[in-house]
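Results of the structural survey
Spelled out, the chains give:
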Amino acid sequence: MDLGIENTLTSAVEAWARFTQWLSEYAPVHADALNPPATEEQIKQAESRMGVSLPPELRQILMINNGTTARNRIPSGNSCYDARGGGDYSPFPSYNVFNDVELTCSLYTGNRTASVSMQEPGSRYEYWKQGWIPAFATKEGHSGLFLDFSAGADPAPVYAYGEDSFPDLAFSSLAEYLSAVADALEGIRPFTVMGRGAPHLPSVRDGLLAW
């Protein structure tokens, strides 16, 4: 394995470990909402249905925790993310949920089908390109983060996407995104996307994480 790729994988795993350790110590209900590891067979089946491979960084994290039970439902009058209680909320910024293998596959195949039906393949304005792997998504609406593995770049850059805008480069890799989340939780620096926009400042209220 190329040393640079190996270092990137190590960085992603280390950042994920920092994230999950913080949850275990300060917001254990969220840590409890993380799913068990995905199996190699689950990943291979999803890749077969999708017709593309998962980026190595994402595959590595999914084989630690296969997404989360969180589905990002925000109750009226409650700004906290309740991982298990009435709503099952995500501990990630911007209401993003970490997709499990099945949800990643479902979102990808659905988006690709829609893109092909629009007769856009190869177009600059293609709705969803082959190799755009949705790793994080909001429950409501077409938005979240995808890893651009269309050209086989390793690490795959992370893009933010939304219903009414073109995708924007958000992070150079999944490792960078996870490190930014972990840094914010540990009080090292506020969470921002490529240094743009208002910083997210996390806090814990009644054992629940809020951004």
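In this text, all values refer to a predicted model and were calculated from it rather than measured experimentally. (Residues numbered from 1 in each chain as written. Predicted model: local features only at pLDDT ≥ 70, side-chain atom pairs only at ≥ 80, totals over all residues. Heavy atoms only, no water.)

With that settled, the discussion passes to the overall build of the protein chain. A tally of helices and strands in the protein chain yields 6 helices and 9 strands. In the protein chain, which comprises 211 residues, the proportion classed as buried is 47%. The contacts of the protein chain with a sequence gap of at least 6 include a subset with a gap of at least 24, amounting to 55%. In the form shown here, the protein chain has an accessible surface area of approximately 10,000 Å², with 51% of it arising from carbon and sulfur atoms. (Helix = DSSP H or I, 4+ residues; strand = E, 2+ residues; numbered from the N terminus. Buried < 20%, exposed > 50% of the residue type's maximum accessible area, 1.4 Å probe, protein only. Contact = heavy atoms within 4.5 Å. Areas by Shrake-Rupley, 256 points an atom, 1.4 Å probe, with all protein chains shown as cover.)

This part covers the side chain of N65. Of note, N65 is situated in the loop between α4 (56–62) and β1 (97–98). A distance of 2.8 Å separates the side chain of N65 from the side chain of W16, its partner in a polar contact. Those residues in contact with N65, other than ones at most four positions away along the chain, are W16, T20, L34, N35, P36, P37 and F98. (Polar contact = N/O pair within 3.5 Å; in protein donor to acceptor, adjacent residues only side chain to side chain.)

Our focus in this paragraph is the layout of surface pockets. If a probe the size of a water molecule is rolled over the atoms, the empty space left behind becomes visible. Estimates place the volume of the largest pocket at around 230 Å³. Contributing to the lining of the largest pocket are 14 residues, with E126, Y127, S165, F166 and P167 lying nearest its centre. Counting residues per element, the ones that place at least two in the lining of the largest pocket are β4 (158–162) and β5 (165–171). Residue contributions to the lining of the largest pocket peak at 3 residues, all from β5. Partitioning the lining of the largest pocket into residue classes produces 7 nonpolar, 3 polar and 4 charged. Roughly 150 Å³ of volume is contained in the second largest pocket. Along the walls of the second largest pocket sit 13 residues, with S94, N96, G144, L145 and A160 positioned nearest its centre. Listing elements by their share of the lining of the second largest pocket, those giving two or more residues are β3 (144–148), β4 and β6 (191–193). Residue composition of the lining of the second largest pocket, grouped by class: 8 nonpolar, 5 polar and no charged. (1 Å grid on protein atoms, 1.4 Å probe; cavity = no way out; pocket = protein on both sides within 12 Å on 5 of 7 lines; lining within 4 Å. Points joined across faces, edges and corners; volume = space filled by probe spheres on them. Nonpolar A, V, L, I, M, F, W, Y, C, P; charged D, E, K, R; others polar.)

As far as function goes, none of this settles anything; it's purely spatial.
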